[in-house]
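A closer look at the structure
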Amino acid sequence: MAELVAEYTVDRDLVDRVEAEGACQAVLDVVLPRVETAWIDAISDQRDLPAAARATQAALVHVGLPQGCGDSGFGIELDVRQPKHVSLLRAFASWSIGVELYDASMRWVAYFSDTGSSLSFNVTDAEAAAVRASLGRLSMIPISELKARRR
């Protein structure tokens, strides 16, 4: 029987680059063992990407070319069994306009969007505790609570 999962989000928009990077890495650290399929957009909302992010962006576009992504950089599939692909995911997740992670049954595990400013993740209780511990001063809330706030 599969463990029950719950949907969470980081409780605010992450506009600070260090916080966005830290939050993306905290979620990736916890969920990557469960991820089977990963898509990333090699597109960023940031106008002036640092040199390392630009190099990763170019490497992602190179991965996407044989997949038919052309130089648009949208919807590049990464093989999470390949360490190089995992490194690219980790390096660009907080810069991308869109990252989608799914488990073996194609149930969503995490979404990162808007250049790392918005994170949501679908985790077990144990995974939620691990993410919460890694987020430091950032808080996470159940998505159901966020929806109730907006009503």
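Keep in mind the model is a prediction, meaning the values are calculated, not measured.

1. Description of the sheet that holds strand 7 (residues 140-142)
Strand pairing within a sheet occurs via backbone hydrogen bonds; the two strands may be parallel or antiparallel. An order of 3-2-4-5-6-1-7 is seen for the seven strands of this open sheet, with the pairing classed as antiparallel. Looking at which strands have only one partner, the edges of the open sheet turn out to be strand 3 (76-78) and strand 7. Ignoring which end each strand starts from, the neighbouring axes of this sheet average 20 degrees apart. Two strands pair when backbone bridges link them, and strand 1 (residues 6-10) and strand 7 are joined in this way by three bridges, in the antiparallel orientation. In the strand pairing of strand 7, Thr-9 is matched with Ile-141. The sheet strands contacting helix 5 (residues 143-150) are strand 1, strand 5 (108-113), strand 6 (118-123) and strand 7, and the helix crosses strand 7 at an angle near 80 degrees.

2. A word on the environment of Arg-107
With respect to the helices and strands, the residue Arg-107 is situated in the loop between strand 4 (98-102) and strand 5. By relative accessible area, which is 32% here, Arg-107 ends up partly exposed. For Arg-107 and Arg-137, which are 30 residues apart along the polypeptide, the C-alpha to C-alpha distance reads 29 Å. If we ignore the near neighbours within four places in the chain, the residues touching Arg-107 are Val-5, Leu-101, Tyr-102 and Asn-122.

3. Let's talk about the nonpolar core
One recurring pattern in soluble globular proteins is that nonpolar side chains are buried together. Ranked by size, the top nonpolar core spans 44 residues in total, and within it Leu-101, Phe-112 and Phe-121 carry the most contacts. Considering every element that reaches this core, the biggest residue donor is helix 1 (residues 17-31), with eight residues. Setting aside chain neighbours within four positions, we find Leu-101 in contact with Leu-28, Val-31, Val-35, Thr-37, Ala-38, Leu-89, Arg-107, Trp-108, Val-109 and Ala-110.

4. Examining the side chain of Thr-115
In this fold, Thr-115 is placed in the loop between strand 5 and strand 6. If we skip the residues at most four places from it in the chain, Thr-115 touches Arg-17, Ser-44, Asp-45, Gln-46, Ser-94, Trp-95, Ser-96 and Ile-97.

About the thresholds
Residues numbered from 1 in each chain as written. Predicted model: local features only at pLDDT ≥ 70, side-chain atom pairs only at ≥ 80, totals over all residues. Heavy atoms only, no water. Pairing = 2+ DSSP bridges. Helix = DSSP H or I, 4+ residues; strand = E, 2+ residues; numbered from the N terminus. Axes fitted to C-alpha atoms, helices over the stretch in contact; angles between N-to-C directions. Contact = heavy atoms within 4.5 Å. Buried < 20%, exposed > 50% of the residue type's maximum accessible area, 1.4 Å probe, protein only. Core = buried A, V, L, I, M, F, W, Y, C linked by side-chain atoms within 4.5 Å.

By themselves, these figures tell us nothing about what the structure is for.
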